[in-house]
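Here is how the chains run, residue by residue.
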Number of protein chains: 2
Amino acid sequence: MPRSTEDLLTPGLVCDVDRVEANLRRMQRYASEHHLALRPHIKTHKLPALARRQLELGAVGITCQKLGEAEVMADAGCADILVSYEVLGERNLWRLGALARRVRVTTVADSPEVLAGLAWAAGRAGVCIPVLIDLDTGYHRSGVATPAHALALAQQVAATPGLELAGLFTYPTLPETGPRLRETLQGLAGCGLRAVVVSSGGTPGALDTHLVPEVTELRVGTYVYNDRTMVHRGAAAPEDVAVTVLSTVISAQEPERVILDAGSKALSSDLVQHDLGLGYGEVLGHPRAVIRRLYEEHAVVDMTGCGSLPRVGTRLALVPNHVCAAVNLHDEIAMVRGTEVLEILPVAARGRSR
Amino acid sequence: MPRSTEDLLTPGLVCDVDRVEANLRRMQRYASEHHLALRPHIKTHKLPALARRQLELGAVGITCQKLGEAEVMADAGCADILVSYEVLGERNLWRLGALARRVRVTTVADSPEVLAGLAWAAGRAGVCIPVLIDLDTGYHRSGVATPAHALALAQQVAATPGLELAGLFTYPTLPETGPRLRETLQGLAGCGLRAVVVSSGGTPGALDTHLVPEVTELRVGTYVYNDRTMVHRGAAAPEDVAVTVLSTVISAQEPERVILDAGSKALSSDLVQHDLGLGYGEVLGHPRAVIRRLYEEHAVVDMTGCGSLPRVGTRLALVPNHVCAAVNLHDEIAMVRGTEVLEILPVAARGRSR
């Protein structure tokens, strides 16, 4: 195993373990202070070791987006998992039931079709599945559109054997979130129903979650590593960024086209924000460098104004625009302190999109 | 194993084997007719089975971008591999030497630093490494900027034990390509040097390669599957698209937000062309649908004007904007004929970016 970052092949993920630990502790401290249950989303790191550390520090359980991630994490000993995704299809429902026989699994629903499937899964596996009603509070992704719809689904859950109404689910916490949740909770109370859990999430606004007192549970993923988008949005300081993609200069013909070996298959093509002109990532230590173009295995960096041309073979650390997308492209991640490589971990749940 | 596409988990890659075969044959026929050596780039499919089929049909060898891809393909029996990438760093050079002891490996260089490393690799492994001089002919990615630079490097190759001047390398074939190659070849001849191979590539302009008679070898990758970008650029017909990402409608609250389970971790965030407003992929059979937003595991599709709302659970096939990026996100691909699943292949060289 490489003992120094100098020995790592590029392009590759490098993780500063001390920064991760600080990020984990900061969020847990916030959640604890505000009596919020922290249920970190593992979609960012996809690492059993970090999920276990999050639980050790006080997380009540974890969140997974897809069943495949949940299966990996259950194998790794995570005993309380929220699958924050509408599960559909017989094969997936069978998997969900099997998982629910091993660990506590909560999931979400925003339609009668999803609920019917969950009921079948519960019956087939002989388990009770707690369900959060997925309520859109302004983000316009999944989620029922109105409190009235949420109430109708909650009543369906309460009337269905094998299902248990656990509460409400939304993402992220927006200005409309509080009023929408309040109206829905009042509707539930009017029917004699109760939402024990009100789950919301998202790293950018995480530290303002307490301003919406209806929320009881916080789901956050990106905070563990942070990235250029989080810094740009003011949700993290540059020194909170824990993961970079280490790259090598493979060609340096002229300042406006310094070529790195990290392309979209190492960084992803995600932008900080469309048309912001920030390029495809930040070159650490060269704030004026712009990654102007990204091919599958090449980055073209404009280093005009960055002093002398870097030598071919120079290693440059890149801060990804979107670390969750970048991590999912790599089979392993080097955990480091300074230049010392402590261990290399397989990104166990990488690619588990189903 | 699933026997019908109905049984496949989503999101997942689905490959129409008959379309692939037609794409392979069409390109081989073009190359043969024009006496071009076809050296397909495996970065698109990353499948040993398709590399072998390309060789069976007449390809002279294959092209790999990264050493990791080449190692997978050598293990699969590919005996003549061009690593079309500047190889740097002791560990990589050691890998290159080891590979060159097993199969014929040609590689590229655009700087004295790269050549020095290749010389070390050749010496260390006791092999001779054929080298193509990487010449920029207008694309401004890697490659020396001028024919004079190319000539200087070619002379360095000729003077270095363990290295053999194989020819010239460029990408893609542009209007400037012919004149640049001509000037460089004349320079080489003036020094008593000869480029046996003049290699160029790129699917979009592939069928015009014969218009630049200096080119002897054609490298193409995307043609095997094609994608939305190729269709948009007129390089493929819709019926030449061989790979789609099968997805499921998980939420359908209103026509402007139909949610699919395929996000950027299944499709990639690549656009056909920035600011073209075409969205993140095409929904097959729904030409008016627009994938407006893409999250890691969600696509938000505007299906206004597509008739009645699709039912939750409906399966929709998506044509990726950039199939190479999409394929690299998946561990496996289902090879199908109609709705019959013939086999499921591991995407063996997926993630081999180093």
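For clarity, every value in this text was computed on a predicted model and none was experimentally measured.

(A) Focus on the pairing of strand β8 (residues 197-201) of chain B. Residue and element names in this part refer to chain B. The element β8 is largely enclosed, with a buried count of four among its five residues. By the bridge criterion, three bridges tie strand β7 (residues 163-169) to β8 in an arrangement that is parallel. Looking across to β8, one finds that F169 is bridged to S199. For the crossover from β7 across helix α7 (residues 177-190) to β8, the handedness is right-handed. In the sheet, β8 pairs with strand β9 (residues 217-219) via three bridges, with the strands oriented parallel. Looking at the pairing, S200 lines up with L218 of β9.

(B) Here's a closer look at the interface of chain A and chain B. Each side of the interface is counted separately: chain A has 66 residues, and chain B has 66 residues. Both sides of the chain A and chain B interface together cover about 5,500 Å² of buried area, and 46% of this is carbon and sulfur. Contact with chain B buries area across many residues of chain A, yet L9(A), R141(A) and R354(A) alone supply 14% of it, more than any other trio. Viewed at the interface, chain B and chain A are joined by ten salt bridges. Of the charged contacts in the structure, one is a salt bridge between E332(A) and R354(B), with a shortest N-O distance of 2.7 Å. On inspection of chain A and its partner chain B, the count reaches 42 residue pairs in polar contact (both at pLDDT 80 or more). Breaking the side of chain A that touches chain B down by element, the ones donating at least two residues are α4 (90-102), α5 (112-125), β10 (243-254) and β11 (257-260) of chain A. For the side of chain A that touches chain B, the element with the highest residue contribution is β10(A), accounting for five residues.

(C) Representation of the relation of the copies chain A and chain B in the model. Rotating chain A by 180° and moving it 0.0 Å along the rotation axis overlays it on chain B with an RMSD of 0.0 Å. Taken together, these values place the two copies in the relation of a two-fold axis. Among all residues of chain A, the one whose C-alpha sits closest to the rotation axis is S269(A), at a distance of 2.8 Å. Both copies share a contact surface, since 100% of the interface residues of chain A are interface residues in chain B too.

(D) Fine view of the environment of M73(A). Residue and element names in this part refer to chain A. Relative to the assigned elements, M73 resides in helix α3 (residues 67-75). Classification of M73 as buried rests on a relative accessible area of 0%. Through-space distance from the C-alpha of M73 to that of T248 is 33 Å; in sequence the pair is 175 residues apart. Sequence-distant contacts of M73, that is, excluding residues within four places in its chain, are made with I42, K46, L47, P48, A51, I62, C64, C78, I81 and A349.

(E) Expanded view of the sheet that holds strand β2 (residues 37-38) of chain B. Residue and element names in this part refer to chain B. Reading across the sheet, the eight strands line up as β2-β9-β8-β7-β6-β5-β4-β3 and stay open at both edges, with parallel pairing between neighbours. Looking at the sheet topology across the chains shown, the edges are occupied by β2 and β3 (62-64). Examined bridge by bridge, strand β6 (residues 129-134) and β7 share six bridges and lie parallel to one another. In the sheet register, L132 faces β7, and the bridge partner there is G167. Taken strand by strand, α7 contacts β7 and β8, and its axis lies near 155° from that of β7.

(F) A look at the domain arrangement of chain A. All names here are of chain A. In terms of domain boundaries, chain A breaks down into domain 1 (5-10 + 229-346) and domain 2 (34-224). In this assembly, twelve residues from domain 1 lie in contact with ten residues from domain 2. Applying the counting rule to domain 1 against domain 2 returns zero salt bridges. Along the contact surface separating domain 1 from domain 2 lie zero residue pairs in polar contact (both at pLDDT 80 or more). Looking at the side of domain 1 that touches domain 2, the elements that each hand over two or more residues are α10 (323-327), β16 (332-337) and β17 (340-346). Looking at the side of domain 1 that touches domain 2 residue by residue, the classes come out as ten nonpolar, one polar and one charged.

(G) Expanded view of unusual backbone geometry. Cis peptide bonds are those with omega within 30 degrees of zero, and the linkage from T10(A) to P11(A) qualifies with -5°. For P11(A), the location among the structural elements is in the segment before β1 (12-16). Positioned with a positive phi, N226(B) is a non-glycine residue whose angle comes to about 65°.

What counts, and at which threshold
Residues numbered from 1 in each chain as written. Chains lettered and ligands numbered in written order. Predicted model: local features only at pLDDT ≥ 70, side-chain atom pairs only at ≥ 80, totals over all residues. Heavy atoms only, no water. Buried < 20%, exposed > 50% of the residue type's maximum accessible area, 1.4 Å probe, protein only. Helix = DSSP H or I, 4+ residues; strand = E, 2+ residues; numbered from the N terminus. Pairing = 2+ DSSP bridges. Right-handed = clockwise from strand over helix to strand, strands pointing away. Contact = heavy atoms within 4.5 Å. Buried area = accessible area lost by both parts, 1.4 Å probe. Salt bridge = Lys/Arg side-chain N within 4 Å of Asp/Glu carboxyl O. Polar contact = N/O pair within 3.5 Å; in protein donor to acceptor, adjacent residues only side chain to side chain. Least-squares fit on C-alpha atoms with pLDDT ≥ 70 in both. Axes fitted to C-alpha atoms, helices over the stretch in contact; angles between N-to-C directions. Domains from an automatic or database assignment. Nonpolar A, V, L, I, M, F, W, Y, C, P; charged D, E, K, R; others polar.

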